[in-house]
Structure formats: C-alpha cells, structure tokens
Amino acid sequence: MATIPQLLFFFFILINSIPISSFSCPLHQKQALLNIKSNFTTFFNVTDSNYYYTFESWSPDSDCCSWDLVGCSETRTVTLLDFSDIIHSYIYDNPTSVFFDIFTPLFHIRSLEILVLSQNRFVGEIPGVGFGNLTKLEHLDLSSNNFNGSIPYQIFGLTNLRYLHMGYNSFEGNLGPELGKLQNLEWLYLVGNSLTGNIPQEIGNLKGLERVDFSNNFFSCGIPDSIGNMKDLEYVDFSRNSFSMEIPSAIGTLPKIYRLALNNNQFTGQVPSWIQNLSRLKFLSLNYNNLTGEIPTSIFNITTLTSFYIGGKGSKLIWNNKAKIVPKANLVAIFMASCGISGQIPEWISSNTGLSYLDLSGNKLEGPFPNWLAEMNLDTIILSDNKLNGSIPHLLFGAGKDLRILHLSWNNFSGELPENIGNATRMEYLMLSGNNFSGQIPMSMSNMYNLKILDLSVNKFSGHDFPDLSNATSLIYLDVSNNEFSGKIPTTFSSTIEFLYLGGNEFSGHLTWNLTKFVSLQHLDLHDNNITGYFQDFLPQSPYLRVLVLRNNSFEGFIPTTISNFSNLQILDLSGNNLSGSIPLEITNLTNMIEAPVHMSTSGFLYTNFFNSDGSKMSFHIEDLIVNWKNNFQGLSSHSLDMYCLLDLSNNKISGEIPASLGNLKSLKVLNISNNNISGHIPMSFGNLKGMESLDLSHNKISGSIPKSLEKLDGLGVLDVSNNRLTGKIPSGGHMSTLNEFKYFANNNGLCGMLINITCPEDIPPPLEGREEDEDEENLSWIFWVGTWIGFPIGFFSSILIMGYFLHFLLLFKVW
C-alpha cells in the first residue's frame, strides 16, 4: 500500500504533467507571434540566417515566453518584443521594400510595455491606429529605419511612454501641441529626420524629461521659453537645424543640464553670460552659428566643463587676446576655430593635462609649433589655415603617442619632416598641404599602417623614393600633387586606394602595370608630369573610376573602344598629350555623362566621416580638382563633383569627324576638343547637350555651318569655334544672341552674322542703282496718273463746248 508521501509525489507529477494556461503565454498572443514568423518566412522566402532572423526557437509546441526576442511578465503575458536588427541590412541587398505590414499582428498584444524595431530596413508610414492599441507601452524604439510620412498623432496618445526613440528615419512635418500629452516621458529622440516648423510651447509640459535630442532636422524659429519648466533636463541636443533668434535665457535655469549642443544653427546675439551658472555643464557646443560679440572667458570657470566648441568658419565672434585665462576645468576637447585668436598658440592650453582634441584652425596664429604642445599626448590636432611657421618638432611623434589626426595645412611650416614620424603608428589622417615642407618623405612612414588619408600636396617635397604604404590597407585618399617629386610613378600603395592625386610633379617614364591593380580607384589625377607610353595600354581596371585626369603628359596612341567600360566616368581629361586616331563611338556610352547620377555620393562622403572626441562628425577641406572650365583653369569642389561632367580631348593629334552620338552626353557641362585635326561638320545633335556650359571646337578643320540647334542651349556661356573652316550665318536666336565675343568666331572666312558684325549675303539689300531706276519709274507713273486726273475733266468739258458749237452750226444750216 502506497504511503502518503508517495501519493503526494505522484500527485505532484500528475499536476505538472497537465498544461495550465496560467503557466504559459496566452494563446492569442502566441498565435499573433507565429503570424509574424509566417509573414517573414513568406516575404523573404529564405532560410539563411545571414539574411534575417529565422525565429528557430519560435515553435508552436513551446511556451512563447521561452522564445528568443520575447519577454513576459510574472503572469506570463507578453510585455517585451525586441526585433532590433532582425533584417541584416549590411548583408541583405534585395531592393524589395519591407513595409510594416509584416508586424501588424503584434497590435493584438495589448500587454506590450517594451517594443524595439530599430536598425532594420522598414519603409513607408507607420500605422497610427495600430499603435493606438498599445496603451501600456513604456518604451518604443523605431530608430534607424526608413519610415517616412508624419508622426501619427496616436503615438502622442501613449501617455505611459517613458522612452521614445524615432530617430534616423525620414519622418517629416511639424510637431503639434499633442506632444505635451507625453507627461511621463523621460527620454525623447527625434534626431536625424526631416521634421520642420517650430517646437511647440507644450514641450514644457514634459517636466520629467531628462534627455531630448532633436538634432539633424529642419526645425526653425526659436527655442520656446517653456523649456525652463523641464527642471530634470540633463541632455539637450538641438544641433544641426535652422533655429534662429537668441538662445533663450530659460536654459540657464536648468540646474541638472550637463550637455548643451546648439551648434550648426542660426542663433544670433551674444554668447549668453548665464552659461557660467550651469554648474554641472560638461559639454558645450555653440559653434557654427551667427553669434557676435566677445567670447566670455568666464566659461572657463565652469569646473565641470570637459568639452568646449565655439566659433567655426565664418564666425563673427571676437576673442580677447589680452585676457589671462586660468581654466578651472581640465578640458578634454577645445574647438575655437575662426575666433580671431592672434599671436602664438595660447599657453594656457597646456594646463589641460587631459586634452585630447584641439582645433584652432582659421585663426591668426603665428610663430612655431610649441614644444609644450608636441609633448602633450593628444588624439587630434587641427591648426590649419593660420600663419604658423618653422619645422615640426620631433617630440610630436614620440613613441607611445595616441596622435590620430594631424591637420596643419595652409600655414608657413618648412623644413623636412622628422624622421621619427613613422612612430605615429596610430595616425589615420595626416594633412600637411599648402606649406613649404621640403626634402624627401621619410621612409619610416611605411610603419603608419593605420593611415586613411594622406595629403602632402602643394609643398616642395622632392626625391624619387617613396615609402611603401602597401600595408596601410585602410588608405583611401593620397594626395602628393604639386610638389617636386621625380622618377617613376610610385605604386607602392594598398589596392584599397580610391583617390590618388600625383599631378603637378616631375614624374617620368612609362606607367607600370602595377597601376592596374588598384581596382577600387574612383579618382586618378596625374596631370602635368612627363609620363610616356601608349594610352590604350595603360587604362586602370577599376569599374568605379569617376575622374581620370592625364592632362599635359606625353601619352601616345589612341582612345580605345574599351573606354566604354568605365560607365561611371564623369570627368575625363586627356588634353595636352600626343593622342591620335579618331574619337571612338564607344565614348558616347559613358552612362554618367548621359544622365547625371541623382544621388550625391561624391568624394565628399569620405571627408565628413571624421569623428570628434564626442562622436560628432567633422569635415576637412580637400583640395579642389583643377580643370579647364570655360577656357580658364579653375577648381571644382571635391565635395560636389556629382554636379560636374567634363570631357577634354584638346591639344592632341586627334583626327576624323565628330561622332554625332556625342549629342547623347546630355549631362556634359564642358566639351573641349580644340587644337586637333578634326574635320567634318558640327553635329546637329549638339543641340541636345542641355547641360552644356562651355563648348570649345576651336583650332581644327571643321567646315560647314554652325547648327541652328545650338540656340536651345540656354546654359551655354562659352562657344569657341575660332580657327576653323566654318561658313554660313551664325545662329542668333535664343541664348546664342548673348554670345558676342568676336574672338570665339575669328578666322573662319566664311562666317557671317550679327554676332561678328559681318552682314550675310542674304541680308544685303538690293543695289542702289536699281533703286534709282525704280524711283524714276515711280515718278513717271505718278506724273502719268496726275496728268490723267487733270486731263480728264478738261477734255470732258472741252468736248461738250465743241459739240455745242457744231450743233448750233447745223441748226443754222437747217433753217436756211
């Protein structure tokens, strides 16, 4: 007979073997989650976890509270769903848009308190009605997607929300007064959208808010004074908007604030004096605004301050160079660009022993690079656009230094680079352009394997040996143009290089085959050297090539038909060489010259990816690309090269006729084929070059007339057809009537027209003699008609008198 303990044991086993609903998630919630899984499986139709999360643990036979990405309360209801990065956008390249529809089943789970959908590829608008059902939500994260449209008003009805992150999407429209309903909100992130208008006064109702980030939007007007009601605010970032007016003094009453970022706006007035009252302030950025007046030195009395950003290019702020600064804080970051600082680099900076970031660019600094600064261990030093001189101290590159960014461009530094520069193995961005550095580049630079950007342009560097940078596998940008280098073209770079500028030196000889290994090249500029060889044998192999400048070298050969392989080419400058043959028809297949890219993924993308010590982006000025534009050499901004398309084949020995299909290159802004041996006619199709600003066909053997179709080119500023064999009338309609430079039509003996004050035969009036005969005939005709009108009445009345006389005579005769 079983004992009582045994019976209890079997009873316990029996009870645990029977499923009880209170020990598992509700059936309708499980079904909703299984529907989400089914939607994913149907939509993506793949099982590879490299593409998206496969929900392997989501089995109909198990408790949904045990599934990955799911969290439940003590009562087994679903309260948490974390769907962050379940579509791996860094791998998944299917262009199919992923809408929110696959998630709509979750709106049946009304017990949700935490919902995270960040870092996916979702597009379209979010369904406001569905979110209105989730009234228990406390934490909602929709960040880092591609959602668009306005933020649904139902979101602002979720009054239990404490955390709301909708940043890094494409939301647009205004924020309405309903924002004030979220009175339990503690964190609010709307960063990185396209929101406009002003911030409503009702934001002051969010008295428990601790963090607010509205940066990188299009908000305008001023910051409402009601911000002063939010006494718990610690983190305020309104940077990179269009805020104007003065910075409200209400911010000065926020006792807990430690981060205040107002940079890159249009704030006016002076730097507020109340800033010194923010006793917990650690981070302050006011740079790139329209602030005026003197920079208050009292800011340096804030003992908690670690990062200070003020000024910036175009700043109207004034620095008191006579002020004696004794900082009470130990600053980590100092940004005081374009603040009118003169004299030597201020020595008070040396008291900040923990300094990591220093930017004093665009000031009026003079004197040498101070040894005390060289001895400090900084991450970033930016002193560009000043008047500093002397050599760079070797102390700057001592072993164990953390120096990552050194930007000394556009000063008066001279001498050779220190041989120990290679000790700076952490260096990523080294920019020394526009100085007077000379001598060879130290071979120790081969040790700088972390380099990403190296700019030594516009100096007096010489020699024919170049450090081996093939181990710098992150090197993307290299510019040593406009120096005095000689010998063969260096090719000891990593195959990852994308921007290579070697022009304006004394390089000579053939290009080696190694140049073809740079399969990632986007820009290659070798202008003004003495490079020889056959052009058709040299072409690099990169399909990404967008800029190829070989101007003023000694290339021979011809333009091969394979030029059409470079469909991304936007700037092709082969001028000033010895190329022969004809212009190949295949050159008209260059896709980016036919239709300019609609995106702006220019070389500029590279230079805005530098980060400050606080994680914010910064940008450096990169030398413009020098091209022959409208018969003048000028710079095209490297940050907006998508705006330009140029084809320059001038000053060669090219012959044959102009392909009519060149008229397909509708995005061309400059076409220069002058100073060649080109014959034939100007194609009528040139009237299709709607983007054309400068067309130079001069110094050739072109005959025929100038097509009237050129009248349609409204943007044409220069049309040079001089020194050819053109004939006929110059079109004068449309925009052509503004092109009145006689020199651009000179030495074409058969041309005529109003633009050059030569009357065309068809416009010459009839000869003068013929006109006199006509006048005589007109006079005779006039006399004839006058005589007729006078003679007729006289003759009429004379006839009556004569007839009357004869009648009277006859009557007398009858009487007798």
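About the criteria used
- Residues numbered from 1 in each chain as written.
- Predicted model: local features only at pLDDT ≥ 70, side-chain atom pairs only at ≥ 80, totals over all residues.
- Heavy atoms only, no water.
- UniProt positions renumbered as here; feature names shortened; annotations may be inferred.
- Helix = DSSP H or I, 4+ residues; strand = E, 2+ residues; numbered from the N terminus.
- Buried < 20%, exposed > 50% of the residue type's maximum accessible area, 1.4 Å probe, protein only.
- Contact = heavy atoms within 4.5 Å.
- Areas by Shrake-Rupley, 256 points an atom, 1.4 Å probe, with all protein chains shown as cover.
- Pairing = 2+ DSSP bridges.
- Core = buried A, V, L, I, M, F, W, Y, C linked by side-chain atoms within 4.5 Å.
- Expected span 1.5 Å × (residues − 1).
- pLDDT = per-residue confidence, 0-100.
- Phe/Tyr/Trp six-rings, centres within 6.5 Å; stacked < 30°, edge-to-face > 60°.
- Lys NZ or Arg CZ within 6 Å of the ring centre and 35° of its normal.

If you look the chain up in an unreviewed UniProt entry, it shows as Leucine-rich repeat-containing N-terminal plant-type domain-containing protein from Centaurea solstitialis. What UniProt states about the chain under its Sequence similarities (unreviewed entry) heading is, verbatim, "Belongs to the RLP family."

### What about the overall build of the chain?
When you go through the chain residue by residue, the secondary structure sums to eight helices and 54 strands. The burial tally for the chain puts 50% of its 816 residues in the buried class. Here the analysis covers contacts within the chain between residues at least 6 apart in sequence; of these, 52% occur between residues at least 24 apart. Carbon and sulfur atoms make up 53% of the accessible area of the chain, which amounts to about 37,500 Å² in all.

### Looking at the sheet that holds strand β5 (residues 122-124)
The seven strands are arranged β3-β5-β7-β9-β11-β13-β15 in an open sheet whose pairing can be described as parallel. Pairing within the sheet leaves two strands with one partner each, and these edge strands are β3 (98-99) and β15 (242-243). Taken together, the two bridges between strand β9 (residues 170-173) and strand β11 (residues 194-197) define a ladder with parallel strand orientation. Across the sheet, residue Glu172 finds its bridge partner in β11, namely Ser194.

### Considering unusual backbone geometry
Even without a glycine there, the phi angle at Tyr288 is positive, about 60°. Here Tyr288 shows up in the loop between β17 (283-285) and β18 (292-294). At Val458, a position not held by glycine, the phi torsion is positive, near 55°. For Val458, the location among the structural elements is in the loop between β31 (453-455) and β32 (460-463). Given the relative accessible area of 27%, Val458 is considered partly exposed.

### A closer look at the nonpolar core
Judged by nonpolar contacts, the single largest core of 207 residues is most densely connected at Phe103 and Met336. Taken together, the elements giving at least two residues each to this core come down to α2 (27-44), β2 (78-82), β19 (307-311), β21 (333-337), α4 (371-375), α5 (535-538) and β52 (718-720). Looking at this core element by element, the count peaks at six residues for α2. Every residue in contact with Met336, bar those within four places of it in the chain, is listed here: Phe300, Phe308, Ile310, Trp319, Ile341, Trp348, Asp359, Leu360 and Asn363.

### A closer look at α2
The end-to-end C-alpha distance of α2 is 26 Å, a good match for the 26 Å that 18 residues give at a rise of 1.5 Å each. Looking only at α2, the buried set comprises Gln29, Lys30, Ala32, Leu33, Leu34, Ile36, Phe40 and Phe44. Those residues of α2 hidden inside the fold are in contact with β1 (70-72), β2 and β3. Among the residues trailing α2, Asn45 stands out with phi positive, at a value near 55°.

### As for the environment of Ile109
Take Ile109: it is sitting in the loop between β3 and β4 (114-116). On the basis of relative accessible area, Ile109 is assigned to the buried category, the value being 0%. It is 5.8 Å that separates the C-alpha atoms of Ile109 and Gln29, two residues lying 80 residues apart in sequence. Non-local contacts of Ile109, meaning those with residues more than four positions away in its chain, are made with Gln29, Ala32, Leu33, Val78, Leu81 and Leu134.

### Focus on the confidence of the model for the chain
On average, residues of the chain score 86 in pLDDT, and 83% of them are at 70 or above. Predicted confidence is poor over residues 599-609, with pLDDT under 50, and the contacts of this stretch with residues over four places away or in other chains come to 38 contacts. Considering only residues more than four positions removed or in separate chains, one finds that residues 796-816, a stretch of pLDDT under 50, has zero contacts.

### Re the packing of aromatic side chains
Counted according to the given criterion, the structure contains 44 aromatic pairs. Both rings, one in Phe100 and one in Phe107, keep their centres 5.7 Å apart while their planes meet at 20°; by these two values the pair is stacked. Classification of Phe100 by relative accessible area gives buried; the value is 2%. The exposure class assigned to Phe107 is buried, which follows from its relative accessible area of 8%. Sitting above the plane of the Trp187 ring, Arg211 keeps its charged end 4.5 Å from the centroid. The residue whose ring lies beneath Arg259 is Phe283, and the NZ or CZ to ring-centre distance is 3.9 Å.

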